[in-house]
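Structure assessment
Chain residues, written in single-letter form:
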Amino acid sequence: MKLQLALDLVDIAGAKAIVAEVAEFIDIVEIGTPVVINEGLHAVKAIKDAFPALTVLADLKIMDAGGYEVMKAVEAGAGIVTVLGVSDDSTIRGAVEEAKKTGAEILVDLINVKDLKARAAEVDALGVDYICVHSGYDHQAEGKNSFEDLRAIKSVVTKAKTAIAGGIKLSTLPEVIAANPDLVIVGGGITGEADQKAAAAEMKRLVSQA
Ligand SMILES: O=C(CO)[C@H](O)[C@H](O)COP(=O)(O)O
């Protein structure tokens, strides 16, 4: 089981500072959608240049032009790029085809998908690398999480790795780990802590035991 740090509410300098603190405890660093909106793909390049050993995930939440947008993110240094599960199959196919040219990976984010099991099975058949259940900030504000959703998609996904994101904290991590995802994505559960290094270290310890 791997641990991904999601960086959403920082600029490039802030992202570098946090990653420098916790790099030894994370497998993947996510340049979150708000960071890409603010800074562009320069943020992906800056983090990959500064931390070449880390896989950088570009959370572009692609909805159209999958091949082209994946190409640009990979050029910037992304090893994983996100595409929305609600996008058309042709968009996901284009993203997968482009990623395969360079060995990059595609994570499909099922945020706002209504029939999770059906879409997860369809997306799995398209050859994506990760399928992620996700309660975004707006859903978290309504008190939702994706723990049950993870169990649901794990019953139908046979090829892709599974991932979970959205409001995961140290206190809820054991419940997440019990559902056995391949990848746990944590943003505020690390970045919002006074001691980010200690939070990341403890999360890594728990995830590594699974
Ligand atoms: O993609 C995102 C929001 O759309 C976040 O990166 C993801 O939800 C993880 O962050 P947090 O743990 O703070 O919820």
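Residues numbered from 1 in each chain as written. Predicted model: local features only at pLDDT ≥ 70, side-chain atom pairs only at ≥ 80, totals over all residues. Heavy atoms only, no water.

Threshold: UniProt positions are given in the numbering used here, feature names are shortened, and annotations may be inferred rather than shown by experiment.
The name given to the chain in an unreviewed UniProt entry is 3-hexulose-6-phosphate synthase, with Paenibacillus borealis as the source organism. If you open the UniProt record of the chain and go to Pathway (unreviewed entry), you find "One-carbon metabolism; formaldehyde assimilation via RuMP pathway; D-fructose 6-phosphate from D-ribulose 5-phosphate and formaldehyde: step 1/2." According to the UniProt record, the Catalytic activity (unreviewed entry) comment for the chain reads "D-ribulose 5-phosphate + formaldehyde = D-arabino-hex-3-ulose 6-phosphate".

What about the UniProt feature "domain: Orotidine 5'-phosphate decarboxylase" (unreviewed entry) in the chain?
Heads up, the condition is: Elements are defined by DSSP. Helices are runs of H or I of four residues or more, strands are runs of E of two residues or more, and each kind is numbered from the N terminus.
UniProt marks residues 2-203 with the feature "domain: Orotidine 5'-phosphate decarboxylase" (unreviewed entry), using the numbering shown here. Along residues 2-203 the backbone is 46% helical and 21% strand, and the end-to-end C-alpha distance reaches 10 Å.

As for the packing of helix 1 (residues 12-22) against helix 3 (residues 42-50)
Put simply, the rule is: Simply put, an axis is a line fit to the C-alpha atoms, just over the touching stretch for a helix, and the angle between two N-to-C directions goes from 0 to 180 degrees. For classification, angles of less than 35 degrees are called roughly parallel, those exceeding 145 degrees roughly antiparallel, those between 65 and 115 degrees roughly perpendicular, and all remaining angles oblique. Definitions for this section: a left-handed crossing has its near helix turned counterclockwise from the far helix by less than a right angle. A right-handed crossing has that turn clockwise. Contacts were defined at the residue level, with two residues in contact if any of their heavy atoms lie within 4.5 Å.
As a packed pair, helix 1 and helix 3 sit with axes 10 Å apart at the nearest point and diverge in direction by 30°. Judged by the inter-axis angle, helix 1 sits roughly parallel to helix 3. Considering only the axes of helix 1 and helix 3, their crossing is right-handed. On the side of helix 1, the interface is formed by Ile 12, Ala 15 and Lys 16, while helix 3 contributes His 42, Ala 43, Ala 46, Ile 47 and Ala 50.

Section: the sheet that holds strand 7 (residues 161-165)
This is how the line gets drawn: Pairing between two strands is assigned when DSSP locates at least 2 bridges connecting them.
What the eight strands build is a closed barrel, ordered 1-2-3-4-5-6-7-8; its pairing is parallel. For this sheet, the mean angle separating the axes of adjacent strands, direction not counted, is 25°. Note that strand 7 and strand 8 (residues 183-186) share three bridges and pair parallel. Note that in strand 8 the partner of Ile 164 across the bridge is Val 184. Sitting on the sheet, helix 5 (residues 89-102) is in contact with strand 3 (55-62), strand 4 (80-84) and strand 5 (105-109), with an inclination near 155° to strand 5.

Here's the deal with the nonpolar core
Keep this limit in mind: Nonpolar cores are built from buried Ala, Val, Leu, Ile, Met, Phe, Trp, Tyr and Cys residues. Side-chain atoms within 4.5 Å join them into one set. Burial classes: relative accessible area under 20% of the type maximum marks a residue as buried, over 50% as exposed, and values in between as partly exposed (1.4 Å probe, protein chains only).
One finds Val 81, Ile 106, Leu 110, Val 128, Ile 131, Ile 153 and Leu 173 to be the most contacted residues of the largest nonpolar core, which totals 65 residues. For this core, the element with the most residues is helix 1, which contributes five residues. Every residue in contact with Leu 110, bar those within four places of it in the chain, is listed here: Gly 85, Leu 116, Arg 119, Ala 120, Ile 131, Cys 132, Val 133 and Ile 153.

Some remarks on the site of the ligand
Defined as follows: The near set for a molecule or strand comprises every residue that places at least one heavy atom within 4 Å of it. Side-chain atoms alone can form a polar contact between residues adjacent in sequence; in general such a contact is a pair of N or O atoms within 3.5 Å, and within protein one must be able to donate a hydrogen while the other accepts it. Method for areas: the Shrake-Rupley scheme with a 1.4 Å probe, in which residue coverage is limited to the protein chains shown.
Surveying the vicinity of the ligand reveals 13 residues, the closest of which are Asp 8, His 134, Gln 140, Gly 167 and Gly 187. In this structure, an oxygen atom belonging to the ligand sits 2.7 Å away from a side-chain N or O atom of Asp 8. Measuring from an oxygen atom of the ligand, one finds a side-chain N or O atom of Asp 59 at 3.2 Å. Protein contact buries 92% of the 370 Å² of open area that the ligand shows by itself. Of all the secondary-structure elements, those providing two or more residues to the shell around the ligand are strand 3 and helix 7 (137-141).

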